[in-house]
Amino acid sequence: MSENTKPASGTPTAPSFGPASSMWGGRFAGGPAAIMQRINASIDFDQRLYGQDIRGSQAHCRMLVKQGIITAADGDAILQGLDQVLQEIESGQFPFRVELEDIHMNVEARLAEIIGEPAGRLHTARSRNDQVATDFRLWVRDAMDGMDAALQGLLKALISRAEEHAGTVMPGFTHLQAAQPVTMGHHLMAYVEMIGRDRGRLADARKRLNESPLGSAALAGTSFPIDRHFTAGQLGFDRPMANSLDGVSDRDFALEFMAASAICAIHLSRLAEELVIWTSAQFRFIKLSDAFTTGSSIMPQKRNPDAAELVRAKTGRVIGDLNALLIVMKGLPLAYSKDMQDDKEPVFECADTMELAIAAMTGMIWDMTVNEAVLEKAAGAGFTTATDIADWCVRALKMPFRKAHHVAGSLVKMAEDKGCDLPDLSLEEMRQVEPGITEDARAVLSVASSVASRTSFGGTAPERVREAAAAARVRWLS
């Protein structure tokens, strides 16, 4: 989207939209080569900006009238014409033309066909450089708001299921090895915290995004007496951008959106990985219905967690989109370069991918059936309450933790040698390792006791999980 020049002073006339080169002004005598037209045009993808482009033009038009730069009659004609263009696009009747390069020139050309000469006055005191920067910011802001709403839906699903399973015991893992018992509610609340931080990153990025480039013109501002604060307010921005060079060349807002999306995609991928593991025949922790699984063309018994696997895979696309724009921007001098036309496709793909991935994950969280009996049995396997007997030795016998750790390890070895779990050891056997152990120590070896004892803030005790879920509803959903 190259800059569109304007006269230094006076009222501009309506553009002629004949040969493709005419939009570039009198400097160019001939039209572009076919390959140049193909590589230069962006209308195939940037037509998605039509709503934002028209909103920006409407705000700019109102400002031009307010400042006396164009007449009220011309302003009314322009606004009515833009409304018609919007209706034509939304109804599918708009004839997008590749020779006009981009959404901005397509809209302006159609406006000229509808209202004639006044259309040529719309571009007074602006360039396609600040126009596209404004459109793109508006689009990304809308995408952020849409993603935030979707994440609220996912948080609602996670919190609701966490409350439902606040007391459902399951094994907690480190290194994917059984570590200590936790609850399913506690496990899901960990993802609530992750997704909550994702919302926070979007909110932070939105604050920095919410400045208007409109009025920066090509790169140096304009000699017309424009009111940039007015157009910023019209478009819901907090203020105009402070530097016209930065206004047309900044794409930090797009990078921040994709960076926040990439981190969120990683969180979705981690949860998706767990769903894949949990649905396997070896785990059977949960079941997903036919709505989120597929079968096999050769193995009739299969129920494949394809939705979770695809969420996991799409993380690579989002990270790739971020990387693509980082590379585009890394060596660009101020101000606008045509390289920046390639900023939109990765952002569009990132937003589309995140929309789908979040929706799929939300659906799976609501859909999953938790196999509580299997989880309870698995929670006690692998000597997961060994830390509890060590803690008991510290509390009851005033033993240094390192010594208590050694006692617990010796008990685990004894149980391994006998081929049983820790609770299956008799009191006499346990006293062979540590004579001070009493019957009270055996009580801490149950999974339910272990989970209930973890009452520290942020712990897995059911009462703490319920408190955390209630607090999360206030933090993230109110």
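Residues numbered from 1 in each chain as written. Predicted model: local features only at pLDDT ≥ 70, side-chain atom pairs only at ≥ 80, totals over all residues. Heavy atoms only, no water.

## Some points on the overall build of the chain
Then, number 1: The helix and strand tally for the chain stands at 19 helices and six strands.
Then, number 2: Its C-alpha atoms give the chain a radius of gyration of 31 Å, more than 25% over the compact-globule value 23 Å for 478 residues.
Then, number 3: Seen through its C-alpha atoms, the chain measures out along the principal axes to roughly 100 × 55 × 40 Å.
Then, number 4: Here the chain, with 478 residues, has 50% of them falling under the buried criterion. (Helix = DSSP H or I, 4+ residues; strand = E, 2+ residues; numbered from the N terminus. Rg over C-alpha atoms; globule rule 2.2 N^0.38 Å. Buried < 20%, exposed > 50% of the residue type's maximum accessible area, 1.4 Å probe, protein only.)

## Brief notes about the side chain of Q131
Then, number 1: Position of Q131 among the secondary structure elements: in helix α6 (residues 128-164).
Then, number 2: There is a polar contact of 2.9 Å between the side chain of Q131 and the side chain of D53.
Then, number 3: Residues contacting Q131, with those up to four places away along its chain left out, are D53, S57, H104, H123 and R126. (Polar contact = N/O pair within 3.5 Å; in protein donor to acceptor, adjacent residues only side chain to side chain. Contact = heavy atoms within 4.5 Å.)

## Things to note about the pattern of salt bridges
Then, number 1: One pass over the structure, following the stated rule, counts 31 salt bridges.
Then, number 2: Between D148 and R199 there is a salt bridge, with its nearest N and O atoms 2.6 Å apart. On the criterion of sequence distance, the pair formed by D148 in helix α6 and R199 in helix α7 (residues 184-209) is long-range, its members being 51 residues apart. An identical accessibility class is assigned to D148 and R199; each is buried. (Salt bridge = Lys/Arg side-chain N within 4 Å of Asp/Glu carboxyl O.)

## Considerations on the nonpolar core
Then, number 1: Counting 98 residues, the largest nonpolar core has V140, L158, F257, L268, V347, M354 and M361 as the members making the most contacts within it.
Then, number 2: Considering each element in turn, this core owes the most residues, 16 residues, to helix α10 (residues 252-278).
Then, number 3: Setting aside chain neighbours within four positions, we find M354 in contact with M147, S261, C264, A265, L268 and V318.
Then, number 4: Listed in part, the 23 residues of the second largest apolar core include V407, A408, C420 and L427. (Core = buried A, V, L, I, M, F, W, Y, C linked by side-chain atoms within 4.5 Å.)

## Topic: a negative patch on the surface
Then, number 1: A cluster of acidic residues, D44, D339, D342 and E345, forms a negative patch at the surface.
Then, number 2: You can call D44 exposed: its relative accessible area is 67%. (Patch = residues over 30% accessible without salt bridge, like charges linked within 9 Å, V, L, I, M, F, W, Y side chains within 5 Å. Areas by Shrake-Rupley, 256 points an atom, 1.4 Å probe, with all protein chains shown as cover. Lys, Arg positive; Asp, Glu negative; His and termini not counted. Charge placed at Lys NZ, Arg CZ, Asp CG, Glu CD.)

## Details of unusual backbone geometry
Then, number 1: Of note, the bond from L334 into A335 is cis; its omega dihedral lies within 30 degrees of zero at 10 degrees.
Then, number 2: Along the chain, A335 turns up in the loop between α11 (306-329) and α12 (344-367).
Then, number 3: Unlike most non-glycine residues, E101 shows phi in positive territory, near 75 degrees.
Then, number 4: Its place among the elements puts E101 in the loop between α4 (72-90) and α5 (103-115).
Then, number 5: Residue classification places E101 among the buried positions, given a relative accessible area of 4%.
Then, number 6: The phi dihedral of A217 is positive, around 60 degrees, even though this residue is not glycine.
Then, number 7: Assignment of secondary structure puts A217 in the loop between β3 (211-212) and α8 (228-234).

## As for the confidence of the model for the chain
Then, number 1: In the predicted model, the chain carries a mean pLDDT of 90, and 91% of its residues have values of at least 70.
Then, number 2: This stretch, residues 1-21, has a pLDDT under 50; its non-local contacts, to residues over four places away or in other chains, come to 57 contacts. (pLDDT = per-residue confidence, 0-100.)

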